[in-house]
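A look at the structure
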Amino acid sequence: MKTIKNDSIVRTFMQRRYLINFGVRLSIFLIVLCVYLLKKEFLIACMTFKLPFGINPLHILWLGFMLMMLGHLRPKEIITMAWGKSRADNFQEVEGYDSYQLLKFVQDMNFKAWLVLLVWFCLNAIIGYLYV
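The shown structure was predicted, so the numbers you read here are calculated from the model rather than taken from an experiment. (Residues numbered from 1 in each chain as written. Predicted model: local features only at pLDDT ≥ 70, side-chain atom pairs only at ≥ 80, totals over all residues. Heavy atoms only, no water.)

A look at the overall build of the chain
For the chain, the count of helices and strands is 5 helices and 2 strands. Along the chain, helices and strands appear, N-terminal first, in the series β-β-α-α-α-α-α. Within the chain, the fraction of its 132 residues that count as buried is 4%. Within the chain, residue pairs in contact and separated by at least 24 positions form 31% of the contacts whose partners lie at least 6 positions apart. Within the structure as shown, the chain displays about 12400 Å² of accessible surface, and the carbon and sulfur contribution to it stands at 71%. (Helix = DSSP H or I, 4+ residues; strand = E, 2+ residues; numbered from the N terminus. Buried < 20%, exposed > 50% of the residue type's maximum accessible area, 1.4 Å probe, protein only. Contact = heavy atoms within 4.5 Å. Areas by Shrake-Rupley, 256 points an atom, 1.4 Å probe, with all protein chains shown as cover.)

Given below as structure tokens:
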């Protein structure tokens, strides 16, 4: 596996790919949010513009989301670590671990996941409020 060394963090090709995807998606989101807040009428006009065959940009956006969802259902050439962990033949037993520390770690990660869920719901509520 190809790795990119950066001081103390070893970045894999897949991590770099995901960071680039995240950056592109975040920039698109911020651009659309700025256009929405500054020129809402322009954004509405762009998204409801009629293309040939009665298609508009919202249909294209919906198709893009559906293709991404289908891509998650059937991974291609790049298999993520989570996909590998879901298979029993990739499991390697670790000797001599402290089950209490593992339980505390899992509880801490679950708590952090709940916080992320709460922040995500709040962000969606704000976007929904702005949409109305």
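And the narrative resumes.
As for the packing of helix H1 (residues 13-38) against helix H2 (residues 40-47)
Relative to each other, H1 and H2 sit at 120°, their axes nearing to 5 Å. One finds that H1 runs oblique with respect to H2. In this structure, H1 uses Val32, Val35, Tyr36 and Leu38 to contact H2, whose residues at the interface are Lys40, Phe42 and Leu43. For the contact of H1 with H2, the class distribution of residues is 6 nonpolar, no polar and 1 charged. (Axes fitted to C-alpha atoms, helices over the stretch in contact; angles between N-to-C directions. Parallel < 35°, antiparallel > 145°, perpendicular 65-115°, else oblique. Nonpolar A, V, L, I, M, F, W, Y, C, P; charged D, E, K, R; others polar.)

Thoughts on unusual backbone geometry
You will see that Phe53, though not glycine, has its phi angle at about 65°, which is positive. Structurally, Phe53 can be placed in the loop between H2 and helix H3 (57-73).

Considerations on the pattern of salt bridges
With the rule as written, the count across this model stands at 1 salt bridge. Asp108 is the salt-bridge partner of Lys112, the closest N and O atoms lying 3.3 Å from each other. Remark: Asp108 and Lys112 occur in helix H5 (residues 99-131); sequence separation between them is 4 residues, near one turn of the helix. Given a relative accessible area of 41%, Lys112 falls into the partly exposed group. Judged by relative accessible area, which is 32%, Asp108 ranks as partly exposed. (Salt bridge = Lys/Arg side-chain N within 4 Å of Asp/Glu carboxyl O.)

Looking at the confidence of the model for the chain
Residue-level pLDDT values for the chain average 82, and 83% of them are 70 or greater. The weakest mean pLDDT in the chain belongs to strand E1 (residues 3-6) at 49; the strongest belongs to H5 at 93. (pLDDT = per-residue confidence, 0-100.)

A closer look at a nonpolar patch on the surface
Taken together, Leu58, Leu61, Trp62, Leu63, Phe65, Met66, Leu67, Met68, Met69, Leu70 and Leu73 make up a surface patch of nonpolar side chains, about 1100 Å² in accessible area. With respect to the helices, strands and loops of the structure, Phe65 is situated in helix H3. (Patch = residues over 30% accessible without salt bridge, like charges linked within 9 Å, V, L, I, M, F, W, Y side chains within 5 Å.)

Regarding the side chain of Asn56
Assignment of secondary structure puts Asn56 in the loop between H2 and H3. Residue classification places Asn56 among the buried residues on the basis of a relative accessible area of 10%. A polar atom in the side chain of Asn56 sits 3.0 Å from the backbone nitrogen of Leu58. Leaving out residues up to four positions away in the same chain, Asn56 has contacts with Met47, Thr48, Phe49, Lys50 and Leu51. (Polar contact = N/O pair within 3.5 Å; in protein donor to acceptor, adjacent residues only side chain to side chain.)

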